[in-house]
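Residue strings, one per chain:
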Amino acid sequence: RATGPEDLLVIIGHDWSSAIPYYAGRRALMIPDWTSVALERWPEYLQASQGCRIGALLVSKSSPHASQPETIRKLRVHAGLAATPVLLDGQHEVYLR
């Protein structure tokens with residue numbers, strides 16, 4: 001309910017499981033732990049999403065990508081997401097618009 005049907009979810013650290021996008025009814029860009037994705041190149045990756053607006057960012061705290069807080073902050077700012085997570089449960093952080 002917090003994102004629009006055309007919004008894109010960016011999910012870091014949950015492999016390529018379709019469970020979250022399926023139950024959310026949203027498209028998603030999944031960044032699994034085992035990739036060597038350069039998070040600092042996010043603007044390039046997002047251009048490939050054909051102008052989709054990022055509605056939410058979910059970061060698994062156990063992901064190696066979570067050890068790049070400055071890069072994740074830049075992604076959050078670039079996407080226009082809030083500075084404070086709406087969910088912080090020790091395992092995940094979720095940022096919304």
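Model, not experiment: these values are computed from the prediction.

**Student:** Can you walk me through the environment of Thr 35 in this structure?
**Tutor:** Structurally, the position occupied by Thr 35 is in the loop between strand 2 (27–31) and helix 2 (42–47). Accessibility expressed as a relative area gives 17% for Thr 35, which makes it buried. C-alpha separation for the pair Thr 35 and His 78, spaced 43 residues apart in sequence, amounts to 22 Å.

**Student:** What should I look at first to understand the pattern of salt bridges in this one?
**Tutor:** Note that side chains of opposite charge can pair when their charged atoms are close. Using the criterion set out here, one finds 3 salt bridges in the structure. Between Glu 93 and Lys 61 there is a salt bridge, with its nearest N and O atoms 3.1 Å apart. One end of the pair, Glu 93, is in strand 5 (residues 92–96); the other, Lys 61, is in the loop between strand 3 (54–60) and helix 3 (69–79), with 32 residues separating them in the sequence. For Glu 93, a relative accessible area of 14% corresponds to the buried category. Accessibility expressed as a relative area gives 37% for Lys 61, which makes it partly exposed. Here Glu 70 ties to Arg 73 by a salt bridge, and the two come within 2.7 Å at their closest N and O atoms. With a gap of 3 residues between them, Glu 70 and Arg 73 both fall in helix 3, about one helical turn apart. Arg 73 sits in the partly exposed class, given a relative accessible area of 35%.

**Student:** Sorry if this is basic, but what is going on with helix 3 here?
**Tutor:** A turn of α-helix holds 3.6 residues, and therefore any two residues three or four places apart point the same way. Along helix 3, the residues classified as buried are Thr 71, Ile 72, Leu 75, Arg 76 and Ala 79. Angular distribution of buried residues about the axis of helix 3 spans 140°; they occupy a single face of the element. Away from its buried face, by an angle of more than 90 degrees, helix 3 presents the exposed residues Pro 69 and Lys 74. Against strand 1 (8–12), helix 2, strand 3 and strand 5 lie the buried residues of helix 3. Backbone geometry just after helix 3 places Gly 80 at a positive phi near 75°.

**Student:** Please explain the layout of surface pockets as it appears in this structure.
**Tutor:** Empty space among the atoms becomes apparent when a probe as large as a water molecule is rolled across them. Taken as a whole, the largest pocket encloses approximately 150 Å³ of empty space. Every residue along the wall of the largest pocket is listed here: Ala 2, Thr 3, Leu 9, Val 10, Ile 11, Ile 20, Ala 24, Ala 56, Leu 57, Leu 58, Val 94 and Leu 96. Secondary-structure elements contributing two or more residues to the lining of the largest pocket are strand 1, helix 1 (19–24), strand 3 and strand 5. Of the residues assigned to the lining of the largest pocket, the class counts are 11 nonpolar, 1 polar and no charged.

Criteria and cut-off values
- Residues numbered from 1 in each chain as written.
- Predicted model: local features only at pLDDT ≥ 70, side-chain atom pairs only at ≥ 80, totals over all residues.
- Heavy atoms only, no water.
- Helix = DSSP H or I, 4+ residues; strand = E, 2+ residues; numbered from the N terminus.
- Buried < 20%, exposed > 50% of the residue type's maximum accessible area, 1.4 Å probe, protein only.
- Salt bridge = Lys/Arg side-chain N within 4 Å of Asp/Glu carboxyl O.
- Arc of directions from axis to C-beta.
- Contact = heavy atoms within 4.5 Å.
- 1 Å grid on protein atoms, 1.4 Å probe; cavity = no way out; pocket = protein on both sides within 12 Å on 5 of 7 lines; lining within 4 Å.
- Points joined across faces, edges and corners; volume = space filled by probe spheres on them.
- Nonpolar A, V, L, I, M, F, W, Y, C, P; charged D, E, K, R; others polar.

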